[in-house]
Amino acid sequence: MTSTRKQKESLLVQAFKRLLKEQCYGSQGQLAEALASQGFEDMSQAKISRLLSKLGAVKTRNTNNEMIYILPDELAVPKSKQSIESVVLSVKHNQMQIILKTGIGAAPLISRMLDSMGESAGILGTLAGDDTIFIAPVDVDNIEEITVSIRNLLAVKDEQ
């Protein structure tokens, strides 16, 4: 591969990543049009498909319930060398929301993991500080079951 061709491919990949991070695209046709507007002509469906595959992009639902392409680093749950059960101190609720206490700095990691579970696990959303997570349940009538499920998932002993 020539140096010029490598540079063009590198610029294309950078533009492609930027588009996926900054905008919402639900089809390969939309991506081809966006790339064409940035000077990358002749982007066939096959080329777009290869780029999506090469970068590991996947289709997922956004907050507007639309299917869009995203890059894997936007989807991935952060990794930690410390076990989850060793950083989660307590999981309690007050009949309205679930409060999870962690060691200092662990809340964002745990919160991201819980958010990725979503509504099917009874979690409407989370808000993390440094060592505390507020969890909004999908249905407060089921808050005890959701709390127990989170405790089991995180291997936290029952609260007294």
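Just so we're clear, the structure is a prediction, and the values are computed from it rather than from any experiment.

Caption draft 1: Expanded view of the sheet that holds strand 3 (residues 88-93). Spatially, four strands are ordered 3-4-6-5 in an open sheet, and the strand pairing comes out antiparallel. For this open sheet the edge positions go to strand 3 and strand 5 (123-128), each flanked by a neighbour on one side alone. Each strand of the sheet is rotated relative to its neighbour by a mean of 20 degrees, with strand direction disregarded. Looking at chain direction, strand 4 (residues 98-102) and strand 6 (residues 132-137) are connected through four bridges and run antiparallel. Across the sheet, K101 pairs through a bridge with T132, a residue of strand 6. Helix-sheet contacts for helix 7 (residues 143-153) involve strand 3, strand 4, strand 5 and strand 6, and the interaxial angle to strand 3 is about 170 degrees.

Caption draft 2: Quick look at the side chain of T132. Within the secondary structure, T132 is located in strand 6. According to the relative accessible area criterion, T132 is buried, its value standing at 13%. If we skip the residues at most four places from it in the chain, T132 touches I99, L100, K101, T102, A107 and L127.

Caption draft 3: Spatial organisation of the packing of helix 1 (residues 3-22) against helix 2 (residues 28-37). Between helix 1 and helix 2, the least distance of the axes is 11 Å, while the angle of their chain directions is 120 degrees. Between helix 1 and helix 2, the interaxial angle falls into the category oblique. Crossing of helix 1 against helix 2: the hand is right-handed. Here helix 1 contributes L12, A15, F16, L19 and L20 to the contact with helix 2, which in turn contributes L31, A34 and L35. Classifying every residue of the contact of helix 1 with helix 2 by side-chain character gives eight nonpolar, no polar and no charged.

Caption draft 4: Just the pattern of salt bridges, in detail. One pass over the structure, following the stated rule, counts one salt bridge. Between E9 and K54 there is a salt bridge, and its shortest N-O distance comes to 2.7 Å. Taken together, the residues E9 in helix 1 and K54 in helix 3 (residues 45-55) connect sequence positions 45 residues apart.

Caption draft 5: Broad picture of the environment of T147. For T147, the position within the fold is in helix 7. Residue class for T147 comes out buried when judged on its relative accessible area of 0%. As for T147 and I98, which are separated by 49 residues in sequence, their C-alpha atoms are 6.8 Å apart. Excluding residues that lie within four positions of it along the chain, T147 makes contacts with V91, H93 and I98.

Caption draft 6: Molecular detail of the side chain of S111. With respect to the helices and strands, the residue S111 is situated in helix 6 (residues 107-117). Setting aside its immediate chain neighbours within four residues, S111 contacts T126, L127, A128 and I133.

Caption draft 7: Representation of the pairing of strand 5. Where strand 5 meets strand 6, five bridges bridge the pair, whose relative direction is antiparallel. In the sheet register, I123 faces strand 6, and the bridge partner there is P137. As consecutive antiparallel partners, strand 5 and strand 6 are separated by three residues.

Thresholds applied
- Residues numbered from 1 in each chain as written.
- Predicted model: local features only at pLDDT ≥ 70, side-chain atom pairs only at ≥ 80, totals over all residues.
- Heavy atoms only, no water.
- Pairing = 2+ DSSP bridges.
- Helix = DSSP H or I, 4+ residues; strand = E, 2+ residues; numbered from the N terminus.
- Axes fitted to C-alpha atoms, helices over the stretch in contact; angles between N-to-C directions.
- Contact = heavy atoms within 4.5 Å.
- Buried < 20%, exposed > 50% of the residue type's maximum accessible area, 1.4 Å probe, protein only.
- Parallel < 35°, antiparallel > 145°, perpendicular 65-115°, else oblique.
- Left-handed = near helix turned anticlockwise from the far one by under 90°.
- Nonpolar A, V, L, I, M, F, W, Y, C, P; charged D, E, K, R; others polar.
- Salt bridge = Lys/Arg side-chain N within 4 Å of Asp/Glu carboxyl O.

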